[in-house]
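# Chain and residue survey
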Amino acid sequence: MEAALGHALLTIWGALGFDAELMARYGPRVVDGLWTTLGLVAVSCTVGFLLALPLGVALVEGGRITRALCLAFSTFFRGTPLLAQVFLVYYGAGQFRDALDAVGLWGVFRDAWWCVVITFTLNTAAYQGEIIRGGVRSVARGQSEAAAALGLRRGQTYLTVTLPQALAQGLRPLGNELVLMIKASSIASVVTVYDVLGATKYAFSRSYDFEVYLWAALIYLVLVETVRRVWNLLERRATRHLRPREA
Amino acid sequence: MTDLFALLSFGSEGWGDDLARGVAVTVALAIATLPLGLALGLGVALLKNAKGRVARGLGELYTTVFRGLPELLTILIVAFGAPRLIAALTGATVEINSFVAGVVALGLVFGAFSSEVLLAAIRAVPKGQSESAAALGLPRRLAFRLVVFPQLWRVALPGLSNTWLVLLKDTSLVSVIALADLTRQTNLAVNATKQPFFFYLVACLLYLALSGLSTAIARWLEARADRGFAAAGR
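Quick summary incoming for the structure in this document. All values derive from a computational prediction rather than experimental measurement.

A few words now on the packing of helix H7 (residues 140–170) of chain B against helix H9 (residues 196–225) of chain B. Residue and element names in this part refer to chain B. Packing of H7 against H9 leaves a shortest axis separation of 10 Å and a crossing angle of 170 degrees. By the angle class used here, H7 and H9 are roughly antiparallel. Contact with H7, carried on its side by Trp-153, Arg-154, Leu-157, Pro-158, Ser-161, Trp-164, Leu-165, Leu-168 and Lys-169, involves Tyr-207, Leu-210, Ser-211, Ser-214, Ala-218, Leu-221, Glu-222 and Ala-225 of H9 and no other residues of that element. Grouping the constituent residues of the contact of H7 with H9 by class yields eleven nonpolar, three polar and three charged.

Next comes the structure, spelled out in structure tokens:
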């Protein structure tokens, strides 16, 4: 069944003017790369979001020292190229091999995939933190005053009043950040990770057929457009209570 | 520690001059990309603002493609694809140097992002402005330069400076096709000295300094563009 389906797909692929034989040879690798790309983005965006919540709140509410530290973190990761950050972690970690060995983390930093995930996570946490900061600042002061008047504690106020409104405000930019991360994840291919672009570069180095880059372009475009459209739908639905009711 | 800083000295011993050359290439690449990117951005913005369906569709298609493709992939496609395209069209074999490939690829991306900014700015200037300029007898060109452009520019500046900052960081990707920019020069220093953490940190700080400088210039330009508006009491 699967073989028949695969054969049918290849026939269609050939009819579209693409090289079906090339696809049969390298296609599976590129599909594996797609899963790697999706895994990279899913892990780093999720963990990055969990880090960004306290970061964004600390940027607004923190004391002078906390704020300065958070701002330094955010400025560093937003002001330098992601590629340089990846190099810093991936190659730089080797210099601290003994220390990392001592705490049992060398196994993690030796692996390119983990280095890339760690860098992407910190990078997107900085960007998402700024979005959350902006969201928190946009919530009217009266909201937290009213919550205080109702006897809610500060933590409760944040969880039930401020953050939900801040996130509704930040939903659209968070979607943009997700799209940017999908694109940026291709940088992983520079340090030997076989994501979509990594697998494509491998196929190109073997076949010298430029067509493989066009497959990669198609994959990224479909991926980005799908995520963008689905996210827009979700955003419209999640913020439907904020729009004036249609008559 | 002092040994590390000795590595940054200028001359045959240290890597200071090599990194400085890298910074110069990075800045030159970004500045060379700017006119191409802005011209493409303006062209695409006008397409998207056009009345015709086909023109608008083309504008949207351009933006979707070059905003959606990873910048690294765009660079590789231009670097490897352009010589093939030229060979297929003219039969001539040409080598495209990595600086030119970088300018073209980053310019295409800059055009996609800046077209959105410029489109919003074009739409932000009310039609009455150019109409009243015409009523006062200003020729169309002069009306654009004296009346419409200063207002458009003011709205577009913050968005354009953001796009510029993204471009500045994206230049590091061109190191992948062997352009001797800051990132590539740092790679060379790391290979020779085996001090990756120190050198990549220095490179990051240099990029940070370039971003800081750009932000300061953008603030100054914005303050200048706001001159006529400051009195309106915001």
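The biggest cluster of nonpolar side chains holds 103 residues, and the ones touching the most others in it are Val86(A), Leu73(B) and Ile75(B). Per-element tally for this core: the top contributor is helix H5 (residues 98–124) of chain B, with 13 residues. Once you skip the residues sitting within four places of it in the chain, Leu73(B) turns out to touch Ser186(A), Leu197(A), Ala216(A), Ala217(A) and Tyr220(A).

Counting from both sides, the interface comprises 26 residues of chain A and, opposite them, 28 residues of chain B. Classifying every residue of the side of chain A that touches chain B by side-chain character gives 17 nonpolar, seven polar and two charged.

Bringing the environment of Leu179(B) into the picture now. By the secondary structure assignment, Leu179(B) is in the loop between H7 and helix H8 (182–193). Looking at Leu179(B), the number of C-beta atoms within 10 Å reads 24, which means it is buried.

Let us now look at the environment of Gly27(A). All names here are of chain A. Relative to the helices and strands, Gly-27 is located in helix H2 (residues 20–61). What makes Gly-27 partly exposed here is the crowd of 19 C-beta atoms within 10 Å. Taking the C-alpha atoms as reference points, Gly-27 and Val-212, separated by 185 residues in sequence, lie 9.1 Å from one another.

Cut-offs and rules
Position numbers for residues count from 1 along each chain, tracking the sequence in the order it is written. Lettering for chains starts from A, numbering for ligands starts from 1, and both go in the order in which the items are written. Local features are withheld for residues below a pLDDT of 70 in this predicted model, meaning they are given only at 70 or higher, and side-chain atom pairs are given and counted only at 80 or more; totals for whole chains, interfaces and linings count all residues. Here an axis means a line fitted to C-alpha atoms, over the contact stretch when the element is a helix, while the angle between two N-to-C directions is reported on a 0 to 180 degree scale. Secondary structure elements are defined from DSSP: runs of H or I of at least 4 residues count as helices, runs of E of at least 2 residues count as strands, and each element is numbered from the N terminus. Any angle from 65 to 115 degrees is called roughly perpendicular, while one under 35 is roughly parallel, one over 145 is roughly antiparallel, and all others are oblique. Contact between two residues is assigned whenever their backbone-derived C-beta positions fall within 7 Å. Only Asp, Glu, Lys and Arg are considered charged in this grouping, and only Ala, Val, Leu, Ile, Met, Phe, Trp, Tyr, Cys and Pro are considered nonpolar; every other residue, Gly among them, is considered polar. Here, a nonpolar core means buried Ala, Val, Leu, Ile, Met, Phe, Trp, Tyr and Cys residues linked by C-beta atoms lying within 7 Å of one another. To assign burial, the other C-beta atoms lying within 10 Å of each residue's own C-beta are counted, with C-beta atoms placed from the backbone; 20 or more indicates buried, 12 or fewer indicates exposed, and intermediate counts indicate partly exposed.

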